[in-house]
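One-letter residues, chain by chain:
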Amino acid sequence: MSNAEPIITVTGAGKFFGKLKALDNVSLTVRPGEKVVIIGPSGSGKSTLLRAINRLEEIDAGRIVVDGHNLSDAAVDINRVRMDVGMVFQSFNLFPHYTVLDNVTLAPVKLRGVPQEEARAKALALLDKVGIKEKAGVYPAMLSGGQQQRVAIARALAMNPKIMLFDEPTSALDPEMIGEVLAVMLDLAREGMTMVVVTHEMGFARQAADRIVFMDHGRIIDEGPPEEFFESAKHPRAQKFLEQIL
Ligand code: ADP
Ligand code: MG
């Protein structure tokens with residue numbers, strides 16, 4: 001695993017919003033099967049970095065290569081790349097006018113050309129996996145936040161992604177629902193999914209992460225395996241951040 005070629009390579013990425021430097025010379029590699037947890041204060045560039053990996057933000061400097069595709073290359077078929085990169089956001093973004101089942105089958109049928117019946121069978125299996133199969137026929141509004149987020153994860157997995165990106169997937173949830181979503185993510189991690197996760201859930205980070213990346217002011221200022229990182233964050237700002245949230 002650790003010797004494999006990186007599936008994500010970010011090299012010297014820079015991104016301005018007007019005069020604000022949201023990403024400042026960020027470099028990060030993720031190998032197949034690796035789980036990287038990104039932490040850091042609000043506004044430090046975590047979402048921008050995650051979104052750049054899917055080219056939801058275009059970088060102004062540096063390069064990002066995902067599964068062999070240079071995202072800045074004019075010839076890159078970004079929709080093709082995105083099909084292999086599942087993304088789960090803080091706000092679940094389910095399609096409100098589709099049932100849970102249809103939310104999960106829509107992209108595989110439309111984008112991958114999977115036959116409806118096959119997509120349906122796979123969707124039910126995924127809904128079962130995230131513990132919510134009995135809700136297949138209902139509309140998202142009928143579900144709790146935790147349930148909606150589990151559907152969002154199933155929907156992303158239905159595309160058979162090579163990489164899953166999570167941007168604070170539990171931040172919008174009531175406390176009693178956080179655990180059920182983290183449990184699904186932990187399962188996924190144990191199955192070997194390549195994951196980049198922005199989260200404040202340090203228990204999850206300890207359990208799932210191969211590497212913790214700490215961002216501040218658009219830069220990665222500390223990085224290491226969780227044991228090492230939590231015991232002795234090298235950078236004073238990372239130490240301070242940990243003191244505040246742990
Ligand atoms: P984080 O996810 O770590 O909280 P973000 O990546 O969302 O941080 O934001 C980094 C910085 O860029 C913040 O100062 C934020 O206000 C700014 N920013 C993010 N997106 C935009 C945007 N679309 N337009 C202007 N500024 C933005
Ligand atoms: Mg964010």
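Up top is the structure.
Predicted, not measured: the structure shown is a model, and the values here were computed from it. (Residues numbered from 1 in each chain as written. Chains lettered and ligands numbered in written order. Predicted model: local features only at pLDDT ≥ 70, side-chain atom pairs only at ≥ 80, totals over all residues. Heavy atoms only, no water.)

Draft legend 1. Just the overall build of the protein chain, in detail. Scanning the protein chain for helices and strands turns up nine helices and ten strands. The C-alpha atoms of the protein chain give 18 Å as radius of gyration, which agrees with the globular expectation for 246 residues (18 Å, within 12%). Dimensions of the protein chain, computed from C-alpha atoms along their principal axes, come out at roughly 50 × 45 × 40 Å. Relative to its full complement of 246 residues, the protein chain shows a buried share of 51%. Within the protein chain, contacts between residues at least 6 apart in sequence are counted, and of these 66% link residues at least 24 apart. Carbon and sulfur atoms make up 50% of the accessible area of the protein chain, which totals about 11,500 Å². Put simply, the protein chain has 28 plus and 31 minus side-chain charges, and the middle of one group is 4 Å from the middle of the other. (Helix = DSSP H or I, 4+ residues; strand = E, 2+ residues; numbered from the N terminus. Rg over C-alpha atoms; globule rule 2.2 N^0.38 Å. Buried < 20%, exposed > 50% of the residue type's maximum accessible area, 1.4 Å probe, protein only. Contact = heavy atoms within 4.5 Å. Areas by Shrake-Rupley, 256 points an atom, 1.4 Å probe, with all protein chains shown as cover. Lys, Arg positive; Asp, Glu negative; His and termini not counted. Charge placed at Lys NZ, Arg CZ, Asp CG, Glu CD.)

Draft legend 2. Here's a closer look at the packing of helix α5 (residues 145–157) against helix α6 (residues 175–190). It is the contact of α5 with α6, at a shortest axis distance of 8 Å, that shows an interaxial angle of 20 degrees. The angle between α5 and α6 falls in the class roughly parallel. In this structure, the crossing between α5 and α6 has a hand that is right-handed. In contact with G145, G146, Q147, Q149, R150, I153 and L157 of α5, α6 contributes M177, E180, V181, V184, M185 and L188. In the contact of α5 with α6, the residues fall into seven nonpolar, four polar and two charged. (Axes fitted to C-alpha atoms, helices over the stretch in contact; angles between N-to-C directions. Parallel < 35°, antiparallel > 145°, perpendicular 65-115°, else oblique. Left-handed = near helix turned anticlockwise from the far one by under 90°. Nonpolar A, V, L, I, M, F, W, Y, C, P; charged D, E, K, R; others polar.)

Draft legend 3. Representation of the site of ligand 1. By nearness alone, every residue bordering ligand 1 is listed as F17, L20, A22, P41, S42, G43, S44, G45, K46, S47 and T48. S44 places a main-chain nitrogen or oxygen 3.1 Å from an oxygen atom of ligand 1. A distance of 2.8 Å is found between an oxygen atom of ligand 1 and a side-chain nitrogen or oxygen belonging to S47. Bound to the protein, ligand 1 loses 59% of the 560 Å² it would expose on its own. Breaking the shell around ligand 1 down by element, the ones donating at least two residues are β2 (20–30) and α1 (46–53). The greatest single-element share of the shell around ligand 1, amounting to three residues, is contributed by α1. (Near = heavy atom within 4 Å. Polar contact = N/O pair within 3.5 Å; in protein donor to acceptor, adjacent residues only side chain to side chain.)

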